[in-house]
Amino acid sequence: MDTMDGRTRVGNVEPRGTRRDHQHYEDLLGAVALGAATPEERQLVLAHASTCVACQAELSELWAVVTALPLAVDEREPSPILRYRIQSALQHESVREQTTEREEPARPAERPDEPPAPTTVREMRPRSRAVWLWATAALVLLVVSAGLVLWNITLQRDQDQERDAGGETIAVQLASPAPGSGAELAYFEDRGVFMLSVHDLPEVAEDEVYQVWLIGDDGAPPVPVGAFGESTSEVAVAADRARYQTLAVTVEPGPLGSPGPTSDPILVAQLDPAAS
Amino acid sequence: MVEPGDDELIAAVARGDPSALVGLYDRFGRLAFGLAYRILEDASLAEETVQDAFMQVWRRADTFDPTRGGNVRAWLLTVVHNRAIDARRRYLDRRPRPVPLENVEAVLSVPDVWREVSIRLTRDEVRAAVDTLPAEQKQAIELAYFEGLTHQEIAQRTEVPLGTIKGRLRLGLKKMHTVLSAPADAHGHDGRAHQGGERGT
Ligand SMILES: [Zn+2]
């Protein structure tokens, strides 16, 4: 395998424990620490290091340096969609795992600024908690979907005025902008309402809807807050901006959408005022 | 309000608390993405890799053992690095990686004295240490670490004998170890790191 240099031939090893042995393996320590040696070499070096104090110590040191190398890299801001995708992957795993778990009555996540609620259930099982939230989310979906219709009607006539009245505009990202598509999001603090206005989104199938989600910063699953069927729509979402970090839209099975997102978002907005 | 420490967060992740993983993401996501992007030079591939890595952390957090001298940041970035190199070799170089790195990681523990050092290391310190290396050592280490090349591939790429490349990798890392382990005078500490209690909050 390693034909460029006879010294590293695996089949050609000296009797164990010789000085030349040590020297040979020592040469390879850097490559092994960096994962740049062949599998055979690595195996031999590790075996040698398990009996050679000097090599073991050096290998540990070099390995430690390797673990520090990534710090030399420039930090880089990923798209906000990534955070969302991790949250939703977590939710899926949690839901999948719950089938094996006996549920106990769980309670919502403690907010860091509140003292922990008195409880006798000292050890909270977070995966059960996720399930609990998941179920709650489904309930919220029903309530909010019904409520949304009303919101749509009552807000319809105020919309133009509201826009003039100056809601705060929030930057929106479309995942893969179709030609001509666009979206705007504004928050009206005095009413605690988001207005999301989209036009010419990529069309969905007849049995699909666009579903709107709010995601908090506490790791809880995304909360479904409404669904709409037209690629050009205007929807209002009543919610306290401070409690959520991200608003997203995914395409889900209609007519009500899903309890948890099942696809990547087509639209994302960071709600944190500091982020925009 | 005290922010939870990295060790507390990873312990919470190990107990299955999703918010703790998001907490780790908020803390290290930019660094993780920076690393993956540096290796992959492609934003969407890098994001996929970071997501993969965090999900692996989620599933394997219970194997993280701080008493073995590891620190959370280094462990997490090692996972990101492994995933990114795998992706680079698979999708960009079309040459699957010959060695998964995890085995080395599992066999080795980081020396105790290093734990303190590695937790406080900053980008500038690591960069300064890299910059003390002769150009050819620096290049060899970068080709191995950021491009995932084996020593043989580095030798081919640089047209330098294999034995020389092995030497460069080893000597470069040794030199960096010496530089990074030196007392942190530059920070105005008095250098006596073993007085105890200075890490309390
Ligand atoms: Zn030895």
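Residues numbered from 1 in each chain as written. Chains lettered and ligands numbered in written order. Predicted model: local features only at pLDDT ≥ 70, side-chain atom pairs only at ≥ 80, totals over all residues. Heavy atoms only, no water.

## Let's talk about the overall build of chain B
Scanning chain B from terminus to terminus reveals 10 helices and 0 strands. In sequence order, chain B lays out its α and β elements as α-α-α-α-α-α-α-α-α-α. Sorting the 201 residues of chain B into buried and exposed places 50% on the buried side. Across chain B, every contact between residues at least 6 apart in sequence was considered, and the portion connecting residues at least 24 apart equals 65%. As displayed, chain B offers around 9,500 Å² of accessible surface, 49% of which is attributable to carbon and sulfur atoms. (Helix = DSSP H or I, 4+ residues; strand = E, 2+ residues; numbered from the N terminus. Buried < 20%, exposed > 50% of the residue type's maximum accessible area, 1.4 Å probe, protein only. Contact = heavy atoms within 4.5 Å. Areas by Shrake-Rupley, 256 points an atom, 1.4 Å probe, with all protein chains shown as cover.)

## Some remarks on the packing of helix H7 (residues 123–131) of chain B against helix H10 (residues 162–181) of chain B
All names here are of chain B. Interaxial distance between H7 and H10 falls to 9 Å at its minimum, and their mutual angle equals 135 degrees. Classed by the angle they form, the pair H7 and H10 counts as oblique. Here the hand of the crossing between H7 and H10 comes out right-handed. Every residue of H10 that contacts H7 at Glu125, Val126, Ala129 and Val130 is listed here: Met176, Val179 and Leu180. (Axes fitted to C-alpha atoms, helices over the stretch in contact; angles between N-to-C directions. Parallel < 35°, antiparallel > 145°, perpendicular 65-115°, else oblique. Left-handed = near helix turned anticlockwise from the far one by under 90°.)

## Regarding empty space enclosed by the protein
In this structure the tally under the stated criterion is 4 cavities of 30 Å³ or more. Around the largest cavity sit 12 residues that line it, and Trp63(A), Val66(A), Thr78(B), His81(B) and Tyr145(B) are the ones nearest its centre. Every element with two or more residues in the lining of the largest cavity is listed here: helix H4 (53–68) of chain A together with helix H4 (72–92) of chain B. Taken together, the residues of the lining of the largest cavity break down into 7 nonpolar, 5 polar and no charged. (1 Å grid on protein atoms, 1.4 Å probe; cavity = no way out; pocket = protein on both sides within 12 Å on 5 of 7 lines; lining within 4 Å. Points joined across faces, edges and corners; volume = space filled by probe spheres on them. Nonpolar A, V, L, I, M, F, W, Y, C, P; charged D, E, K, R; others polar.)

## Let's talk about the coordination of the zinc ion
Residue and element names in this part refer to chain A. Summarising the metal site, the zinc ion is bound by the protein donors His22 (ND1), His48 (NE2), Cys52 (SG) and Cys55 (SG), whose distances to it range over 2.0 to 2.3 Å. Considering all 4 donor atoms around the zinc ion, the spread of angles at the metal, 101 to 120 degrees, places the coordination shape in the tetrahedral class. The motif formed by the donor residues of the zinc ion, counted along the single chain, is H-x25-H-x3-C-x2-C. Here His22, found in helix H1 (residues 19–27), pairs with Cys52, found in the loop between helix H3 (39–49) and H4; they are 30 residues apart in sequence, far enough to count as distant. The class of Cys52 is buried, set by a relative accessible area of 13%. (Donors = N, O, S within 2.8 Å, 3.2 Å for Na, K, Ca; no water. Tetrahedral: all angles 85-135°; square planar, octahedral: opposite > 155°, others 65-115°.)

## Digging into the nonpolar core
Of all hydrophobic cores here, the largest spans 86 residues; its most connected members are Leu34(A), Leu24(B), Phe54(B), Leu169(B) and Met176(B). Tallying contributions element by element places helix H2 (residues 18–40) of chain B first for this core, with 13 residues. (Core = buried A, V, L, I, M, F, W, Y, C linked by side-chain atoms within 4.5 Å.)

## Some remarks on helix H1 (residues 6–14) of chain B
An α-helix turns once every 3.6 residues. As a result, residues three or four positions apart point the same way. All names here are of chain B. Among all positions in H1, only Leu9, Ile10, Ala12 and Val13 are buried. Buried residues of H1, seen end-on, are gathered within an arc of 155 degrees and therefore sit on one face of the element. Turning to H1, the residues buried within the fold contact H2, helix H3 (43–60) and H4. Taken from the residues just after H1, Gly16 is the one with a positive phi, measuring 95 degrees. (Arc of directions from axis to C-beta.)

Function cannot be inferred from these measures alone, as they are strictly geometric.
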